[in-house]
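Residues per chain, in single letters:
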Amino acid sequence: MFHTQGVFPCFGLVFVFVGLHSAHGDLSYSVQEELKRGSVIGNIAKDLGLEVGRLSARKARVDMEGNDKQYCGINLRSGDLIVADRIDREEHCGEKPSCVLRFELLLENPLELHRLSLQVQDVNDNAPVFPKDIIKLEIRESADKGARYRINAAQDADIGKNSVQSYILQQNANFVFNIQTTNAGRKFGELVLDKELDREEQQEMKLLLTAVDGGSPQRSGTVVIHVIVLDANDNAPVFTQAIYAATLKENSPLKTPIITVSATDADEGVNGEVTYEFIRLSDTPGNLFSLDQKTGEIIVSGDIDYEERSKYEVFVEAKDGYGLSTEAKVVIDVTDVNDNAPVIQLKSVSNPIPENAPPGTEVGIINVQDRDSENNRQVRCSIQQNVPFKLVASIKNYYSLVTTGHLDREVVSDYNITIRATDEGSPPLSSSKTVHLSVADINDNPPEFEEQSYSAYVSENNKPGSALCSVSARDPDWRQNGTVIYSLLGGEVNGAPVSSYVSVNGDTGLIHAVRSFDYEQFRSFKVQVMARDNGSPPLSSNVSVSVFISDVNDNSPQILYPAPEGNSFMTELVPKGAHGGSLVSKVIAVDADSGQNAWLSYQIVKSTDPGLFTIGVHSGEIRTQRDISESDSMKQNLVVSVKDNGQPSLSATCSMYLLISDNLAEVPELKDISYEEKNSKLTSYLIIALVSVSTFFLTFIIIILGVRFCRRRKPRLLFDGAVAIPSAYLPPNYADVDGTGTLRSAYNYDAYLTTGSRTSDFKFVSSYNDNTLPADQTLRKSPSDFADVFGDSDNSPEVGSCLNRPS
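Nothing here was measured: the structure is a model prediction, and the numbers come from that model.

Tell me about the overall build of the protein chain, and name the residues and values.
Within the protein chain one finds four helices and 58 strands. Expressed as a percentage of the 807 residues in the protein chain, the buried residues total 44%. Here the analysis covers contacts within the protein chain between residues at least 6 apart in sequence; of these, 69% occur between residues at least 24 apart. By element, 49% of the accessible surface of the protein chain is carried by carbon and sulfur atoms, the whole surface being about 41900 Å².

Right, here's the structure in full:
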């Protein structure tokens, strides 16, 4: 037993009896009409075994078959089936003894459909109503006792005991009231003459007739019967048929003839003139049909809609001139016309759809209704476009919209799906509905670099922070899934972290140099750049960036022989019989740069005798240009410039000192050897210096001559001991190649000098070159020893010194 609250308060407490049973998974409830909104009918969740907590997630709802109005609803928190709108039994079922409303309970995830039957019980909410407020009867005074006069019965929209149960006629001396039943089963009243009338005694009378129903509380309706006493009229009209039947197409135009009823009266004159009128339109609005009072023709006067009502029953009364009447029933069957296009309703939709949804995923529920009947309501549904979706027939008029293939937001991000429904009528009617579906992005695409690899070219000595190149990656995903962040992968370059060499801008992919590069340290290196998106989980890809360092002419040539300044004092001996083209010595130089920046060229920029010696432009070999003659100065000083081929070019200079002699006995006092400065000064400074030195020299000579006459002459030795002149040092990583300016390993010299005589001989080791001088030797002694012998050469440049300068 179920109870409702606040139904008809004036009636006291009303109990609602609900019968529940299950038939093929369906439910049936019984409920009184006119319940207040929110009244509980039953608990669907309990009766069907559903989880109350999942009703909301499954979007449970109740729809009435063939009606968009919501009469029932579901309390999603409790699972109760409740009244959502006023339910009037008379509105839905009329005079039918049984009133059943059918609903559908729809649940999703998974799709589930239950049919609900609601038995609506009648309550006494309608009072009896007579067709007219006043019934006029004209009765002749000659009427016999027992004469009967038809009175249309009162109508009560309620059924059963709530309908009309009895009539009460106002007390009078002439009439009583009886109830009769027609062949069609319809009840009507008869006013029976119980005592003859006397027109001279009473010409008219008014009687009150009350109709009472059997409901609780009881309701009633009244009518006034106005009796006028006349002369005799003893024949009532008679219809040709007791029941008339007609067929009418819906949507028939106005004034369309339906049927003509006909009645005859055996009387003559006024007593035989018959008129027609509707006495009851069977709950049908009076503006649908009209009746010609004289001919009895019934025509259309309103809109006929099969979907609203398929059958009408009307009653026609035939009445003669003095009040005798009879009635006939007219049944009008309305035939369906295909005038309703299918109606597509989107019951549920999952929007947006993740792009990784597998084929067969249900994304929506479609319901299609056609209010027509039979073939006119048979509907076919289809999707018009070529899209990865299809309709799958589900339950009754429900379709599931499911995916048929894999979705890719990067290819198609939105779908406008047009669903078309066509019925089987003739001609067929159709309707369409567009469903918009969006595809939600899934992080399924890693960033993709525009190039398979990148190369950057930079000159050495670059500024820290300078841009090397830019990498770019695209991610077709959306928003954060498509946001690309760049970073360097860990690694080392020459034993140092790669981050100490380059950096990458995380937003733009621009790669910067962190430090200044040196081509002489390394010429290229590789780094790995990673592009990562912001998805969850993030996806990434890597690319290799090769950085190539180009050489810049930033290293001056380095002269290895003669030895650098300050290490030794070198002099080469040239035999007097040397012929033109003889190898005298060689300048050895290297350049740390590469390519043309390391191509070295040699040039004698200053010499004692410009025409005596020449130097190989690319080899650095010093050779005689002609045979040596007696007139050539014994002391020869050469200043050699070594220049690279860079832009701008860099250079270095060195001095080479040569003595033309066959043996040491012919060598003059070493102290008299004066060397010119390796770098020339301006002419004006040389003239001033020459004058000053000449004056000082004359003074010095005079003093020396005086001192010498006073001192005893002593023997002079060239050297106090043997001196070994080792060969020049060559770094092991330098290898000579013809034309590069590096000394080949074939040229090595050792010299030994004995003590005690100026005529001591040298020991020579011959070179491996045929053009090397066979007997010419190199004098070598420490700078301090030479300083003791040449006291007047402080201002002269050191022998074998090198000077670097840009050319």
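Please give an account of the side chain of Ser585 that cites residues and values.
Take Ser585: it is sitting in strand S48 (residues 583–586). Judged by its relative accessible area of 1%, Ser585 falls in the buried class. A distance of 3.3 Å separates the side chain of Ser585 from the side chain of Glu572, its partner in a polar contact. Residues in contact with Ser585, not counting those within four places in the same chain, are Tyr561, Glu572, Gly620, Glu621, Ile622 and Met656.

Which residues make up the nonpolar core, and what values do they have?
Counting residues in hydrophobic clusters, the biggest one holds 29 residues, and the most contacted among them are Phe517, Phe525 and Val545. When residues no more than four places from it in sequence are discounted, the contact partners of Phe517 are Val458, Glu460, Asn461, Asn462, Leu468, Tyr501, Val502, Phe522, Phe525, Val547 and Ile549.

Give me the lowdown on the state of the cysteines, citing residues and values where you can.
Counted under the stated rule, the structure contains one disulfide. The disulfide partner of Cys93 is Cys99, and the S-S distance across this bridge is 1.9 Å. Looking down the S-S bond of the Cys93 and Cys99 bridge, the torsion is 70°, so its handedness is right-handed. Residue Cys99 is classed as buried on the basis of its relative accessible area of 2%.

Describe unusual backbone geometry, naming the residues involved and giving the relevant values.
In this model, Asn351 is joined to Pro352 through a cis peptide bond whose omega is 5°. Along the chain, Pro352 falls in the loop between strand S27 (343–349) and strand S28 (353–354). Following Tyr561, the chain continues to Pro562 via a peptide bond in cis, the omega torsion being 0°. Among the secondary structure elements, Pro562 is positioned in the loop between strand S46 (558–561) and strand S47 (569–574).

Explain the sheet that holds strand S34 (residues 430–440) residue by residue, including any values.
Spatial ordering of the open sheet is given by S28-S34-S33-S30, a layout of four strands whose pairing is mixed. The sheet is open, and its two edges are formed by S28 and strand S30 (379–383), each paired on a single side. In terms of strand pairing, S30 meets strand S33 (residues 414–423) through five bridges, oriented antiparallel. Within S33, the position partnered with Arg380 by the bridge is Thr422.

Outline the sheet that holds strand S14 (residues 175–181), listing residues and values.
The sheet built from three strands is open, its strands ordered S12-S15-S14 with antiparallel pairing. Strand pairing shows two members of the sheet lacking a second neighbour, strand S12 (148–151) and S14, which therefore form its edges. When the angles between neighbouring strand axes are averaged without regard to direction, this sheet yields 30°. Note that S14 and strand S15 (residues 187–193) share seven bridges and pair antiparallel. In the sheet register, Phe175 faces S15, and the bridge partner there is Leu193.

Mind laying out the pattern of salt bridges, listing which residues take part and the relevant values?
All chains considered together, the criterion is met by 21 salt bridges. With a closest N to O distance of 3.5 Å, Arg371 and Glu308 form a salt bridge. Remark: Glu308 occurs in the loop between strand S24 (297–300) and strand S25 (311–319) and Arg371 occurs in the loop between strand S29 (362–369) and S30; sequence separation between them is 63 residues. Assessed through its relative accessible area of 58%, Glu308 is described here as exposed. Notably, a salt bridge pairs Arg626 with Asp632, separated by 2.9 Å at the nearest N-O pair. Judged by relative accessible area, which is 12%, Asp632 ranks as buried. What you see here is one network of salt bridges that share partners, running through Glu34, Arg86 and Asp88.

Quick one: what's the story with the packing of aromatic side chains, residue by residue and with numbers?
In the structure shown here, the tally under the stated rule is 16 aromatic pairs. Here the aromatic rings of Phe239 and Tyr244 are separated by 6.4 Å at their centres, their planes lie at 75°, and the arrangement is edge-to-face. When its relative accessible area of 10% is taken as the criterion, Phe239 is described as buried. Taking 5.5 Å as the distance between ring centres and 75° as the angle between the ring planes, the aromatic pair formed by Tyr501 and Phe522 counts as edge-to-face. Residue Tyr501 is located in the loop between strand S41 (496–497) and strand S42 (502–504), and its partner Phe522 is located in the loop between strand S43 (510–513) and strand S44 (524–533); the two are separated by 21 residues in the primary sequence. Of the two residues, Tyr501 and Phe522, neither departs from the other in class, the shared state being buried. Members of the aromatic cluster, connected to one another through ring pairs, are Tyr501, Phe517, Phe522 and Phe525. In this structure, Arg515 is placed above the aromatic ring of Tyr501, and the distance from its NZ or CZ to the ring centre is 4.1 Å.

The rules behind these values
- Residues numbered from 1 in each chain as written.
- Predicted model: local features only at pLDDT ≥ 70, side-chain atom pairs only at ≥ 80, totals over all residues.
- Heavy atoms only, no water.
- Helix = DSSP H or I, 4+ residues; strand = E, 2+ residues; numbered from the N terminus.
- Buried < 20%, exposed > 50% of the residue type's maximum accessible area, 1.4 Å probe, protein only.
- Contact = heavy atoms within 4.5 Å.
- Areas by Shrake-Rupley, 256 points an atom, 1.4 Å probe, with all protein chains shown as cover.
- Polar contact = N/O pair within 3.5 Å; in protein donor to acceptor, adjacent residues only side chain to side chain.
- Core = buried A, V, L, I, M, F, W, Y, C linked by side-chain atoms within 4.5 Å.
- Disulfide = S-S within 2.5 Å.
- Pairing = 2+ DSSP bridges.
- Axes fitted to C-alpha atoms, helices over the stretch in contact; angles between N-to-C directions.
- Salt bridge = Lys/Arg side-chain N within 4 Å of Asp/Glu carboxyl O.
- Phe/Tyr/Trp six-rings, centres within 6.5 Å; stacked < 30°, edge-to-face > 60°.
- Lys NZ or Arg CZ within 6 Å of the ring centre and 35° of its normal.

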